[in-house]
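Chain by chain, the residues run as shown.
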2 protein chains.
Amino acid sequence: MTAESPAGEAHPWVERHRATLLQALETIRTRAYWSPHPEHPKAYGEGAAAEGLAAFEALRGTRFDLDQPGTDAWTGGEVSPYGVELGIEYPHPDPDVLLPAMRAAAPGWRAAGAELRAAVCVEILARISARTHEFAHAVMHTSGQAFMMALQAGGPHAQDRGLEAVAYAYREQTSTVAAADWSKPQGKREPLALAKTFTPVGRGVALLIGCNTFPTWNGYPGLFASLATGNPVLVKPHPRAVLPLALTVRVARETLAEAGFDPNLVALAAELPGEGLAKTLATRPEIRIVDYTGSTEFGDWLEANACQAKVYTEKAGVNTVVVDSTDDYPGMLANLAFSLSLYSGQMCTTPQNLLVPRDGITTESGPKSYDEVVADLAAAVDRLLGDDARANALLGALVNPDVKARVEAAPGLGEVALAAREIAHPDFPAAVVRTPVVVKLDGAKPDAQAAYLSEHFGPVSFAVAVDSPDAALDLLRRTIREHGVMTVGGYTTSPEVERALEEVCFDECAQLSLNLTGGVYVNQTAAFSDFHGSGGNPAANAALCDSAFVADRFRVVEVRRQA
Amino acid sequence: MTAESPAGEAHPWVERHRATLLQALETIRTRAYWSPHPEHPKAYGEGAAAEGLAAFEALRGTRFDLDQPGTDAWTGGEVSPYGVELGIEYPHPDPDVLLPAMRAAAPGWRAAGAELRAAVCVEILARISARTHEFAHAVMHTSGQAFMMALQAGGPHAQDRGLEAVAYAYREQTSTVAAADWSKPQGKREPLALAKTFTPVGRGVALLIGCNTFPTWNGYPGLFASLATGNPVLVKPHPRAVLPLALTVRVARETLAEAGFDPNLVALAAELPGEGLAKTLATRPEIRIVDYTGSTEFGDWLEANACQAKVYTEKAGVNTVVVDSTDDYPGMLANLAFSLSLYSGQMCTTPQNLLVPRDGITTESGPKSYDEVVADLAAAVDRLLGDDARANALLGALVNPDVKARVEAAPGLGEVALAAREIAHPDFPAAVVRTPVVVKLDGAKPDAQAAYLSEHFGPVSFAVAVDSPDAALDLLRRTIREHGVMTVGGYTTSPEVERALEEVCFDECAQLSLNLTGGVYVNQTAAFSDFHGSGGNPAANAALCDSAFVADRFRVVEVRRQA
């Protein structure tokens, strides 16, 4: 490890973050548990909670100046799903000014080399980590996540995913030596000899298109993968979730400048109401990489139209759980109830379709009919969310009116096994909080298929009656191939069914969680160990995080000289 | 390394090829010189030359049966650029039968694991290597390469590139452990524990679209990268260069079957005259990977239309050499003369535009005017090709009438500095052999720009007069950015110009060869050490070979279980 400043001395951040980077590199290989970012709110120090809240409050009603070139307007208008108007204005860019300024920042960043770039990225993440409480409020009041989830998923878990991307980027960039002497024997003649250098260079400006529900968690992998591989990154947040990424951009710009780099390596592009800025930016010739999380419709548009760029998308899926049999019926029900409830099902990984044989399942306490399974699951959700305080802490608020509309439309799709319940939030009366709705559908009926084979993002799930375990497997295969999934769950005590589930997931390329009955849920993945999505079915063309996610964000330029 | 057969014993090929694979893995990191495939024709044993020729001759006028499912017609019609009719018929596929059969072959290949897949691929390459002389005749009589070049570039160099792809594929697939125990501490409570497995799975059927000039060299990287990562590969050769890839498919099918795998993992798709089979196949839903070498027009079409697949393309470029100054004028001229002559300039890496200051250059023997440089280069080509036997051994035959037409049109583009000379081939009178044509153009004139800023594939080069070194660098930048290059050369004794050349190549992403005056040429790259193309400019979206070339041909499916 030899990154040096122009003066010839290694930058102190390289040494400061070496152990973290090495541990991250080790863990992406072993896939063991590890995180340098604490989950417990109290781990951030005595006054951290109060300071974080105060910092968040101080931002409200202000202009969020980032001192970027080419700011031609100010825009904002975020209203928290908890009802709070943020009143913050962000810079709107003139791409003809901002993008050239970002391009001009690239050569200095390229010259820094992979190791210093990694160290600067880890320093950015460390500074974000120190402000986890502030970010938690920003995530809560843009996504609608409950505070504790906003802190964990929007803080340490997002930072983990960012660090994971930095580690992959560093590993790939350093998998080729920086310089080599090449000497090819020529029999009795002198060997042919060349001196070669290999320099990782970024592709160009990267565009990150943020999402509403997980602005940091889904944003950090692309942001840090692009930045660590030498690309300037333009961050276009979802208009309802600007603040968490604006804070991120501010920290990144400050850190880059402090290390002697051009802060325009990271910039914000907030959009005017109804502008459709992402479309404009994504097809600019300067943009060579696009990361996107959101609707299938726009993801497909990006893949078809941003042809000048490498496009990494996470879109919609129809997540499925096959329920065949279990030897821990209460554990299965509790685990599923939690998965359906967490953040009101507003996760790209939340199960939507529970495939249950119409003849019922076997359990350690005897057979259970389809109706019993569905009723017992409904009861488990009721138990989990029976206490309003606990329900509010788990559910959070519905992120936007579209989700609310889907919850309200769900009873029209079939027989309601569990009705959504309205819950009041003691601190934020404007918050729209709903418990999950579960609808029974007959898997074989065409009109039911139309309902359950499209994504109903939010707390809407279907108990789909199927003819047999084989029918469940066939339906699973069709769902993955035609509609995509981010997650597949399975409950079975049969080795044959387990093996068949695996084979379907291998064939159709989907991540599988089997017999989860404890404190790990199908909709949660841990950085450094779990892959988020497979990148091989229609729900996403990339996985978080793997070599493929970083390896094509840079190219290696070889210079060879007569030796 | 633990690949096991169903019976629990490691396959003997794993052990047999372990040292080769390990050395390949080491060399793709160190980029030192290495090859397990000898270049010298005599290295293949006493009778190899005669046996190879006899094997080739025995194929002529036969039906090349591969025992593939879904063969609905036989097609052929290859005529050697040396005038020989091959008279071989190949199977034409019904994709509705062949593609499902190939898909059905995938699960067994997936279950073999990365190590056994690599060993089988290395065994295929070893068997091809043993038949290098036979392949040499096949490549010669489809590409028009002279015999020695066909043997080396179509044999060991192509096999090297295939092995390189196998090494990258193995490295990427094994960069994640196969299984992990994950345990997350929960304070005083029991840790959360999961058992996880990670299985590399192929994306689906891969399509290799071969080219006319280097059927094996340009075909093997994609073929072996896809196969080693678990994908069945359908090989669609260029209709004028079927035999080298048909032989490859035959060896692959025999080897796969011998190892107990379904031979339909590799199949041939020869096309009927004018059928346009590549378009039909490339957009089939079963095809998830496409590798292509050829025209920019069809490469762009594939990138825009084969949206269901990952598409790796090598297209046309306008390769450029900046001539600023040299301290070895004769060495520079000799090196350039060879580069322009080798295989009649029919390499994607042959320099086309030589940018020379109109005020001339400095050399160790004093200043040379633009006219002197061009005249001296023309004389160097004449010297190199003055002897007809040597010329035939270097030039080979023009691959098709389009190249001949370009050679004949070149004098109309500007002042001819070196005219193409017709050379008779003593053994093959029908061969069309031409020495290179060099045309002088004024870099600043718009009509000249129209000529030199498009690719003239074949032995056509331009001595482009530019105002200054800076003008040369500007033109180089514009050429790379707008038209793409596979190679850039530079001759300079100025550290400033050298640094500026590097920066242009870093900015625009191009591979740079500096001051080559000996036996290495700008149009040659060595596997395991040199990258072929950068994948970052319009000439190609991929480089041979790097992580990005293999990492997205497979996905990792994780199965996690409650521990």
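Before any of the text, the structure's been laid out above.
The rules behind each value
- Residues numbered from 1 in each chain as written.
- Chains lettered and ligands numbered in written order.
- Predicted model: local features only at pLDDT ≥ 70, side-chain atom pairs only at ≥ 80, totals over all residues.
- Heavy atoms only, no water.
- Phe/Tyr/Trp six-rings, centres within 6.5 Å; stacked < 30°, edge-to-face > 60°.
- Helix = DSSP H or I, 4+ residues; strand = E, 2+ residues; numbered from the N terminus.
- Buried < 20%, exposed > 50% of the residue type's maximum accessible area, 1.4 Å probe, protein only.
- Salt bridge = Lys/Arg side-chain N within 4 Å of Asp/Glu carboxyl O.
- Contact = heavy atoms within 4.5 Å.
- Buried area = accessible area lost by both parts, 1.4 Å probe.
- Nonpolar A, V, L, I, M, F, W, Y, C, P; charged D, E, K, R; others polar.
- Pairing = 2+ DSSP bridges.
- Axes fitted to C-alpha atoms, helices over the stretch in contact; angles between N-to-C directions.
- Least-squares fit on C-alpha atoms with pLDDT ≥ 70 in both.
- Core = buried A, V, L, I, M, F, W, Y, C linked by side-chain atoms within 4.5 Å.
- Right-handed = clockwise from strand over helix to strand, strands pointing away.

Points about the packing of aromatic side chains
Residues and elements named next belong to chain A.
Step number 1: Following the criterion strictly, the structure yields 24 aromatic pairs over all chains and no others.
Step number 2: Seen in terms of ring centroids, W109 and F261 are 5.0 Å apart; in terms of plane orientation they differ by 85 degrees. Their pairing is edge-to-face. With a gap of 152 residues between them, W109 in helix α4 (residues 95–130) and F261 in the loop between α9 (243–258) and β7 (266–268) connect regions that are remote in the sequence.
Step number 3: For W109, a relative accessible area of 0% gives the class buried.
Step number 4: With centroids separated by 5.5 Å and ring planes inclined at 10 degrees, the aromatic side chains of F298 and W301 adopt a geometry described as stacked.

Thoughts on the pattern of salt bridges
Step number 1: The full count for this structure, using the stated rule, is 80 salt bridges over all chains.
Step number 2: In this structure, K404 of chain A engages E408 of chain A in a salt bridge whose closest nitrogen and oxygen atoms are separated by 3.4 Å. Note that K404 of chain A and E408 of chain A are positioned in helix α15 (residues 401–409) at a spacing of 4 residues, about one turn of the helix.
Step number 3: You can call K404 of chain A partly exposed: its relative accessible area is 29%.
Step number 4: Taking the relative accessible area as the measure of exposure, E408 of chain A reaches 49% and is therefore partly exposed.
Step number 5: Here R561 of chain A ties to E502 of chain B by a salt bridge, and the two come within 3.3 Å at their closest N and O atoms. Of this pair, R561 of chain A sits in strand β21 (residues 554–562) while E502 of chain B is found in helix α18 (residues 495–508), placing the two residues in two different chains.
Step number 6: Shared partners join several salt bridges into a network, and the residues in it are R110 and R561 of chain A together with R477, R481, E498, R499, E502, E503, D507 and E508 of chain B.

Some thoughts on the interface of chain B and chain A
Step number 1: Counting from both sides, the interface comprises 77 residues of chain B and, opposite them, 78 residues of chain A.
Step number 2: Both faces considered, chain B and chain A share a buried interface measuring about 6,100 Å² in area, 48% of it formed by carbon and sulfur atoms.
Step number 3: Applying the counting rule to chain B against chain A returns 16 salt bridges.
Step number 4: For E498 of chain A, the salt bridge identified is with R561 of chain B, shortest N-O distance 2.7 Å.
Step number 5: For the side of chain B that touches chain A, the leading source of residues is strand β21 (residues 554–562) of chain B, giving 8 residues.
Step number 6: Considering only residue class, the side of chain B that touches chain A consists of 31 nonpolar, 21 polar and 25 charged.

Examining the sheet that holds strand β6 (residues 233–236) of chain A
Residue and element names in this part refer to chain A.
Step number 1: Judged by pairing direction, the sheet is parallel, and its 5 strands sit side by side in the order β7-β6-β5-β8-β9 without closing on themselves. The sheet terminates laterally at β7 and β9 (310–314), the two strands that pair on one side only. Strand after strand, the sheet turns through a mean of 15 degrees between neighbouring axes, direction not considered.
Step number 2: As paired elements, strand β5 (residues 205–209) and β6 share 4 bridges and run parallel to each other. Bridge assignment links L208 to a residue of β6, and that residue is V235.

Description of the sheet that holds strand β5 (residues 205–209) of chain B
All names here are of chain B.
Step number 1: Spatially, β7-β6-β5-β8-β9 is the arrangement adopted by the 5 strands of the open sheet, whose pairing is parallel. Whereas interior strands pair on both sides, the edge strands pair on one side only; in this sheet they are β7 (266–268) and β9 (310–314). Shown here is a sheet whose adjacent strand axes are inclined to one another by a mean of 15 degrees, direction ignored.
Step number 2: Here β5 runs beside strand β8 (residues 287–293); their pairing, made up of 5 bridges, is parallel. By the bridge assignment, A206 is partnered in β8 with I289.

Notes on the relation of the copies chain B and chain A
Step number 1: Between the two copies, chain B and chain A, the superposition gives an RMSD of 0.0 Å; the rotation angle is 180 degrees and the shift along the axis is 0.0 Å. In the structure described here, the two chain copies are related by an operation that fits a two-fold rotation axis. No C-alpha of chain B lies nearer the rotation axis than that of A548 of chain B, which sits 3.2 Å from it.
Step number 2: Interface overlap between copies is the fraction of interface residues in one copy that are interface residues in the other; for chain B against chain A it reaches 100%, indicating a shared surface.

Looking at the nonpolar core
Step number 1: Membership of the largest hydrophobic core comes to 171 residues, with the highest contact counts inside it found for F224 and L243 of chain A.
Step number 2: For F224 of chain A, the contacting residues outside a window of four places in its chain are C121, I124, L125, I128, G162, A165 and V166 of chain A.

Topic: the pairing of strand β10 (residues 320–323) of chain A
The side chains of a regular strand alternate between both faces of the sheet.
Residue and element names in this part refer to chain A.
Step number 1: Residues T320 and V322 of β10 are buried on one face, and the alternating residues V321 and V323, pointing to the opposite face, are buried as well.
Step number 2: Two strands pair when backbone bridges link them, and β10 and strand β19 (residues 488–491) are joined in this way by 4 bridges, in the parallel orientation. Bridge assignment links V323 to a residue of β19, and that residue is Y491.
Step number 3: Relative to strand β11 (residues 353–357), β10 runs parallel, the two being bridged by 3 bridges. Bridge assignment links V321 to a residue of β11, and that residue is L354.
Step number 4: After leaving β10, the chain enters helix α12 (residues 329–341) and then returns to the sheet as β11, a path that is right-handed.

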